[in-house]
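This is what each chain is made of:
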2 protein chains.
Amino acid sequence: MLNRVRSAVAHLVSSGGAPPPRPKSPDLPNSTSAPPAGPPQAPRSPPARAGSGSAAPARTVEARASFCRPTFLQLSPGGLRRADDHAGRAVQSPPDTGRRLPWSTGYAEVINSGKSRHNEDQACCEVVYVEGRRSVSGAPREPSRGQGLCFYYWGLFDGHAGGRAAEMASRLLHRHIREQLKDLVEILQDPSPPPLCLPSTPGAPGSSDSSHLVGPQSCWSSQKEVTHESLVVGAIENAFQFMDEQMARERRGHQVEGGCCALVVVYLLGKVYVANAGDSRAIIVRNGEIIPMSREFTPETERQRLQMLGFLKPELLGGEFTHLEFPRRVQPKELGQRMLYRDQNMTGWAYKKIELEDLRFPLVCGEGKKARMMATIGVTRGLGDHNLRVCSSTLPIKPFLSSFPEVRVYDLTQYEHCPDDVLVLGTDGLWDVTSDCEVAATVDRVLSAYEPNDPSRYTALAQALVLGARGTPRDRGWRLPNNKLGSGDDISVFVIPLGGPGSYS
Amino acid sequence: MLNRVRSAVAHLVSSGGAPPPRPKSPDLPNSTSAPPAGPPQAPRSPPARAGSGSAAPARTVEARASFCRPTFLQLSPGGLRRADDHAGRAVQSPPDTGRRLPWSTGYAEVINSGKSRHNEDQACCEVVYVEGRRSVSGAPREPSRGQGLCFYYWGLFDGHAGGRAAEMASRLLHRHIREQLKDLVEILQDPSPPPLCLPSTPGAPGSSDSSHLVGPQSCWSSQKEVTHESLVVGAIENAFQFMDEQMARERRGHQVEGGCCALVVVYLLGKVYVANAGDSRAIIVRNGEIIPMSREFTPETERQRLQMLGFLKPELLGGEFTHLEFPRRVQPKELGQRMLYRDQNMTGWAYKKIELEDLRFPLVCGEGKKARMMATIGVTRGLGDHNLRVCSSTLPIKPFLSSFPEVRVYDLTQYEHCPDDVLVLGTDGLWDVTSDCEVAATVDRVLSAYEPNDPSRYTALAQALVLGARGTPRDRGWRLPNNKLGSGDDISVFVIPLGGPGSYS
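Now for a quick tour of the structure. Please read all numbers here as calculations on a predicted model, not as lab measurements.

With the rule as written, the count across this model stands at 48 salt bridges over all chains. When the shortest N-O distance is used, the salt bridge between A:D183 and B:R338 registers 3.2 Å. Here A:D183 is found in the loop between helix 3 (164–181) and helix 4 (185–188), whereas its partner B:R338 is found in strand 10 (residues 338–341) on a different chain. Take A:D183: its relative accessible area is 18%, and that puts it in the buried class. With relative accessibility at 12%, the residue B:R338 sits in the buried group. When the shortest N-O distance is used, the salt bridge between A:D420 and A:R457 registers 2.6 Å. Taken together, the residues span a long stretch of sequence, with A:D420 in the loop between strand 16 (406–411) and strand 17 (422–426) and A:R457 in helix 10 (residues 457–470) at a distance of 37 residues. Given a relative accessible area of 29%, A:D420 falls into the partly exposed group. Owing to a relative accessible area of 1%, A:R457 belongs among the buried residues under this scheme. Taken together, the shared-partner salt bridges in this structure form one network comprising A:K224, B:R303, B:E325 and B:R342.

Pasting the structure below:
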């Protein structure tokens, strides 16, 4: 992510400000001792040797920390050097030989044009097996259940102020999701509605029959029905939270400086869950139609949430910022004049008399890619950033940065997909210079040039999208065919076929 | 509004809790001395004698306070009694003789079936003239300007816990809008972008040239462009706020108990602004297509805003409520067990171990029309309610109730409207039993039975919509043709033609 944190590296300080740590989940590794994420039992379709470095021995972590790429790229030392070359900007994809990514997923990436030392994007593609904990309801486990669940997982992580948060998230976030799903394995495989209440100890006598627990003394006339789908959404939401808390705990020992945007896809039991925290984007292109599967979280789109937090907790602004928005910086000579403003409740603008505290820097300022929160950061959701402070200040940014994703759900069973229907994930390097419609046109152009059952077509499409956003070197810059500047940012793209030969397997 | 406040009348207390009052706008009347709202200069199209009682002399206010209907209904004493008859539930509309409402607007209403003593809905339809203050930019006023502006105004106010807040809002909210627009008269008539900064004193030397004020020392590379449209939105938003503050100031002397939802439409300079705070609804039916122009604000739709406020300001929960949501009430015997919950960041559900504080009543509970905030109220935005407390408690509800509307804008000039294109406003009495599609079907059925240039067709349509929601007395209740119960609530409907003979005039 380019320029997202204004000189953030220079302003990192190591002092505190993190939330009190939760007890770590027992099965989760810390950031340096991550064992392979592979399934303890083979999934129905064996995964490619995927996972960003998850199979690497622990002692190589320190070396990798300076520069690593997803292991599914299978880069040789020479390939790693080429991937790190800001001048050549060679597009990287998994080799055409050997095992493909699950569902014949296409992937391509390219490093930035020199704005940060390494590629700060990371990616992960895994098939994850979830073994259930022992019967959560206390009832004897039926033989047909307890088989565990498999989910397919794709993640893009766009780092800023260093690549370590993105690297850590790419290695661990799916494990946090697995951890959150462990309690749900049995419930998700039971077609009846999830129990509202579970006994305290798995296996202990207790009732998971929710209807039993609603006594006549209940002051509510009804109870809310909770769907299986919303349990998966809740599991993913909490996994992001736990990942962020792990980063807070481990930031000192392992120098998890910086932060990252996270865009992940989970396919489980017929449904695709797209979780986004940051400014990456996911769209489905189905029969030429575009279905947005995420929205971006920036100081502009989250203005009202940020202003509300600043208004309700003014101590977070440290006397340095005002929660009000102005169309430009207020100047001291304008005291007493009337300027346009918006507060946290407003979408329109009105005039107010300028007072002394309006001279403070606004919490949210700027527009488009130049929008900033606290004059520092251009995204408002993501993982990490626990050490990030306002420039020349000890004021922490983190309370305003949310680690919670927005999760959208797409039911794959509701539509008969053809091999040209794809889910495209891209970091902002793609979307800064490519519209949804242009992506859909490239999908059509590239896929129609390949046989529908050719599994390499999705990698070709990912490469075409990355190349189209990068451009070619010309006139002292990377330029698109229309001569506009291409993206100088890191660019990473997954193309997930929704009706391809390998999907659902 | 039926049942929206659970026994709220019984729990009204007169103690404080209001925000510190702002200085009252000098031109605004208080609630008992309202002079007629009519334009000081005749608008281009003379308004019908509209405004809910705005022309009544001050001494009749006390008498009216117990029961009044919009003056544009021109009800005789006998008509007023019939309008107040819960048994007959006669549909009321403006008489077919005399001046019509602006744009030939249709209107109809019916009282509830006995759940509250009087009809707690109120309505207002006005043409409002806004005289500009002296040249706000300090520049000499050009002869072509300074003519003032006219806006067309429609408002529906659905009261709860008494009708006085609705009545007060119906008499005064458009005056607050006028007050907010006074400073903008000249700016809105100037095609150049609004100045970002104005001199402190109108007429004083000063620069309204915003480009001049952005010195090279500005740390922002650009300034935000603010549209004329967003100034009108801001004016309406602040008018709601001022109206609410006036209710807070005057609640004791004039017994402005209770509160109301407010749905208003402003037509100004080619655009329709629909502002909604509550659970009334507005839709446009255009060429048979439905365009939603509002959304409802209820404990369900605003769950996350309410939970965030309770989480950030736990003192507002008074130790009686938890900001967490549970699918049903947690019982003491379930301590230590795990129950589904959602916090302010989540849209999905997860299990958590029940702790002592989870036994508190949840801030948000119930579903659909039974959803309640603090076990008390079923809407989360509106005007008034400054005295409303939680049942058997002194805990104020108001901090959670927002007086800010959501404003949607519809550009009338972007489409050539035909006489069958209408904007329909209804209180929840209509929408509880009528879907958007059913309204669209009624629009088609009724309007096609009239000549396109017959101005009475919109009143006939409003009546048909009210009758269709009320039903007919049968089997000990008001029943719809499908034998389901009709709405027992107050029902009020405006039908505003977008391309009718009188519109835009």
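This part takes up unusual backbone geometry. Residue and element names in this part refer to chain B. With phi around 60°, A375 is a residue other than glycine that occupies positive phi space. Within the secondary structure layout, A375 lies in the loop between strand 14 (372–373) and strand 15 (383–384). The exposure class assigned to A375 is buried, which follows from its relative accessible area of 14%. Positioned with a positive phi, R476 is a non-glycine residue whose angle comes to about 55°. With respect to the helices and strands, the residue R476 is situated in the loop between strand 18 (472–473) and strand 19 (478–479). Since its relative accessible area comes to 89%, R476 is described here as exposed.

All names here are of chain A. Among the secondary structure elements, W103 is positioned in the loop between helix 2 (77–83) and strand 1 (106–110). Accessibility expressed as a relative area gives 3% for W103, which makes it buried. For the pair W103 and Y458, spaced 355 residues apart in the sequence, the C-alpha separation amounts to 9.9 Å.

Conventions we followed
- Residues numbered from 1 in each chain as written.
- Chains lettered and ligands numbered in written order.
- Predicted model: local features only at pLDDT ≥ 70, side-chain atom pairs only at ≥ 80, totals over all residues.
- Heavy atoms only, no water.
- Salt bridge = Lys/Arg side-chain N within 4 Å of Asp/Glu carboxyl O.
- Helix = DSSP H or I, 4+ residues; strand = E, 2+ residues; numbered from the N terminus.
- Buried < 20%, exposed > 50% of the residue type's maximum accessible area, 1.4 Å probe, protein only.

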